[in-house]
Amino acid sequence: MYHRIHHRKPSISLRYIEATIGLFDDQGSPRPKSLFTLTIPKRMISSNNRETHNARWFEQLTTYRQRVAERSPPVVAGKLSRMVGLTLEAVGCRAPIGARCVVSTATGKRVEAEVVGFSGERLFLMPTGNIQGLEPGCRVTPLSHGSTVPVGMNLLGRVIDGSGKPLDGKGPVISDHKVSLTGAIINPLTRKPIHAPLDVGVRAINALLTVGRGQRLGLFAGTGVGKSMLLGMMTRYTSADVVVVGLIGERGREVNEFVQKILGEEGRRRAVVVASPADYPPLMRLHGAMLATSIAEFFRNEGLNVLLLMDSLSRFAQAQREIALAIDEPPATNGYPPSVFAKIPQLVERAGNGDEEGGSITAFYTVLAEGDDTNDPVADAARGILDGHIVLSRTLADSGHYPAIDIEASVSRVMTDIVDARHLASARKLKQVYSLYQQNRDLISVGAYQRGADPRIDEAINLNPDIMNFLRQNVEEAIDFPRSITELTQLIR
């Protein structure tokens, strides 16, 4: 693309040197040669100024070589050859996994899609929007940019979708920062350890399932047992600088209800909501969870303490299952392909504490227990990667007990490291008394147990009303961490 000039004599006469760099621009139009022409006046180069002249000449030539290296290769467009379900197949173009492409119709409609797989010369694409109107032979053009999204302080108070577009009607999101959806892997040895409790404003969690700042917990529940209500309480009452909420695969009505009623105007001032409802394509639901995590990572890197609420991790797994099955990945456990169980830890491990100078991400992931089975594959995989789990009981919810936390089946794996010995002893004592009553509940209910037969059961019977009142809490009531511990120690003496 340019001519190399070799100086073999100390003195040489040159009329001009022309270096043409980049024949075409991004639109395929020829570039003006005047932009890349280096002219040396016609004169004899004396030995006195030869070294200075050569240094200047090679410096300019190096600049042009750098421009050549920086030029992206020409974009080769392909065509749409096949569409099955939501999977688009393109031939005639090349793009890496995760790259974005634009599918253009003859009528001018443009649909963005992402490369999710390939086989030979075929690319498998998953659309991010409505595919109505696509036809065989549509032009498929790879884009130069990948899956990056805008982040920044201007996101506070906004509601956006999985692609970063606003849903709240407040105009475009303006930000100077862009980050990748996939995030960066954190060296586990550089993570700041969890050493401080986090006040979530819920007495049962503060006292018996103490959450550490930077911990990742799962909220396991079936449908209709009050998980959205509990998430709303933690959103309003948790002592965090920023709250990031990811509503993935939820009903559109629930999205609006969460934003308007549960968050409210006051809660939205320090919150960012990412919503990808159930009627969005699976790729957008997948991106919604990844975008919420990327936003939380940005605020953590700014030194802030972030509360990340993801509702739900199960919908994230189901979206990945839809994509994987659409590109012929074989199903494994209960119809879930192996890639699902690889995606879950990739998403969850991005939360937690950063380095010593950074902030933290305390994350709650809701996990839907299909048929109230907390041992389904997704729930089992989540339980193994998270730092604890809170199980909501349908039996308690049906009896009007809210929040319906089953303290026997729930555990916080970092509680022993962040609370004092007295608090830990009181929490264990209450769990023992509660569990003993539940084990003998049938005997007590039918009158088969006679008081005085076992002093421990007598104590459990006496304390049970107070324990049940302790575990209940009004939705509009916030109970901070010190008050929770005080009431616990007064109950268990």
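Residues numbered from 1 in each chain as written. Predicted model: local features only at pLDDT ≥ 70, side-chain atom pairs only at ≥ 80, totals over all residues. Heavy atoms only, no water.

**Student:** Summarise the overall build of the chain; cite the residues concerned and give the values.
**Tutor:** Assigned secondary structure in the chain consists of 14 helices and 23 strands. Buried positions account for 49% of the 493 residues belonging to the chain. Sequence-distant contacts in the chain: of pairs separated by 6 or more residues, those separated by 24 or more amount to 70%. (Helix = DSSP H or I, 4+ residues; strand = E, 2+ residues; numbered from the N terminus. Buried < 20%, exposed > 50% of the residue type's maximum accessible area, 1.4 Å probe, protein only. Contact = heavy atoms within 4.5 Å.)

**Student:** Lay out the side chain of S294 with the relevant residues and their values.
**Tutor:** Mapping S294 onto the fold places it in helix α5 (residues 282-301). Within the structure, the side chain of S294 is placed 2.8 Å from the side chain of R350, a separation counted as a polar contact. Among residues more than four places away in sequence, those in contact with S294 are V179, S180, L181 and R350. (Polar contact = N/O pair within 3.5 Å; in protein donor to acceptor, adjacent residues only side chain to side chain.)

**Student:** So what about the packing of aromatic side chains? Which residues, and what values?
**Tutor:** Evaluation of the coordinates by the stated rule reveals two aromatic pairs. With a centroid separation of 5.4 Å and an interplanar angle of 70°, the aromatic rings of F298 and F299 are classed as edge-to-face. Its end group placed over the ring of Y336, R321 keeps NZ or CZ at 4.2 Å from the ring centre. In this structure, R383 packs its charged tip against the face of F220, placed 5.2 Å from the ring centre. (Phe/Tyr/Trp six-rings, centres within 6.5 Å; stacked < 30°, edge-to-face > 60°. Lys NZ or Arg CZ within 6 Å of the ring centre and 35° of its normal.)

**Student:** I'd like a rundown of the sheet that holds strand β8 (residues 110-119), residues and numbers included.
**Tutor:** Pairing is antiparallel around the closed barrel formed by six strands, whose spatial order is β5-β6-β9-β8-β7-β10. Put simply, the sheet's adjacent strands are angled 45° from each other on average, direction ignored. Pairing of strand β5 (residues 78-84) with strand β10 (residues 139-142) involves two bridges; the strand directions are antiparallel. Looking at the pairing, K79 lines up with R139 of β10. Running over the sheet, α5 touches β7 (100-104), β8 and β9 (122-127) and is turned about 70° from β9. (Pairing = 2+ DSSP bridges. Axes fitted to C-alpha atoms, helices over the stretch in contact; angles between N-to-C directions.)

**Student:** Tell me about the pairing of β9, and name the residues and values.
**Tutor:** Burial within β9 is extensive, with five of its six residues counted as buried. Note that β8 and β9 share six bridges and pair antiparallel. Across the sheet, residue S119 finds its bridge partner in β9, namely R122. Here β8 folds back onto β9, and the loop between the two strands holds two residues, one of which, G120, carries a positive phi near 65°.

**Student:** Give a detailed account of the packing of α5 against helix α6 (residues 313-326), specifying residues and quantitative values.
**Tutor:** One can describe the packing of α5 onto α6 by two numbers: an axis separation of 8 Å at closest approach and a directional angle of 140°. In terms of their interaxial angle, α5 and α6 are classed as oblique. With respect to the hand of their crossing, α5 and α6 are arranged in left-handed fashion. Contacts between α5 and α6 involve P282, L283, R285, L286, A289 and M290 from the former and F316, A319, Q320, E322 and I323 from the latter. Here the residues of the contact of α5 with α6 sort into eight nonpolar, one polar and two charged. (Parallel < 35°, antiparallel > 145°, perpendicular 65-115°, else oblique. Left-handed = near helix turned anticlockwise from the far one by under 90°. Nonpolar A, V, L, I, M, F, W, Y, C, P; charged D, E, K, R; others polar.)

**Student:** Tell me about the pattern of salt bridges, and please be specific about residues and values.
**Tutor:** Counted according to the given criterion, the structure contains 17 salt bridges. For K429, the salt bridge goes to E459, with nearest N and O atoms at 3.6 Å. Taken together, the positions of K429 in helix α11 (residues 421-439) and E459 in helix α13 (residues 455-471) put the pair 30 residues apart, joining distant regions of the chain. Relative accessible area serves as the criterion here: at 31%, E459 is assigned to the partly exposed category. (Salt bridge = Lys/Arg side-chain N within 4 Å of Asp/Glu carboxyl O.)

**Student:** Which residues make up the packing of helix α7 (residues 338-348) against helix α8 (residues 377-385), and what values go with them?
**Tutor:** At their nearest, the axes of α7 and α8 sit 10 Å apart, and the two run at 35° to each other. Pair α7 / α8 crosses with right-handed handedness. Seen from α7, the contacting residues are F341, I344, P345 and V348; seen from α8, they are P377, V378, A381 and I385. Looking at side-chain class alone, the contact of α7 with α8 contains eight nonpolar, no polar and no charged residues.

**Student:** Give me the lowdown on the environment of H177, citing residues and values where you can.
**Tutor:** One can find H177 in strand β13 (residues 177-180). Its relative accessible area of 40% is what places H177 among the partly exposed residues. Taking the C-alpha atoms as reference points, H177 and V151, separated by 26 residues in sequence, lie 5.4 Å from one another. Setting aside anything within four residues of it in sequence, one finds H177 in contact with V149, P150, V151 and F298.

**Student:** Tell me about the environment of Q439, and name the residues and values.
**Tutor:** Among the secondary structure elements, Q439 is positioned in helix α11. Take Q439: its relative accessible area is 60%, and that puts it in the exposed class. Sequence separation between Q439 and I457 is 18 residues; the distance between their C-alpha atoms is 9.8 Å.

**Student:** Quick one: what's the story with the confidence of the model for the chain, residue by residue and with numbers?
**Tutor:** Per-residue pLDDT for the chain has a mean of 85; in total, 87% of the residues score no lower than 70. Segment residues 1-26 is flagged for pLDDT under 50; beyond a separation of four residues in sequence, or across chains, it makes 57 contacts in the model. (pLDDT = per-residue confidence, 0-100.)

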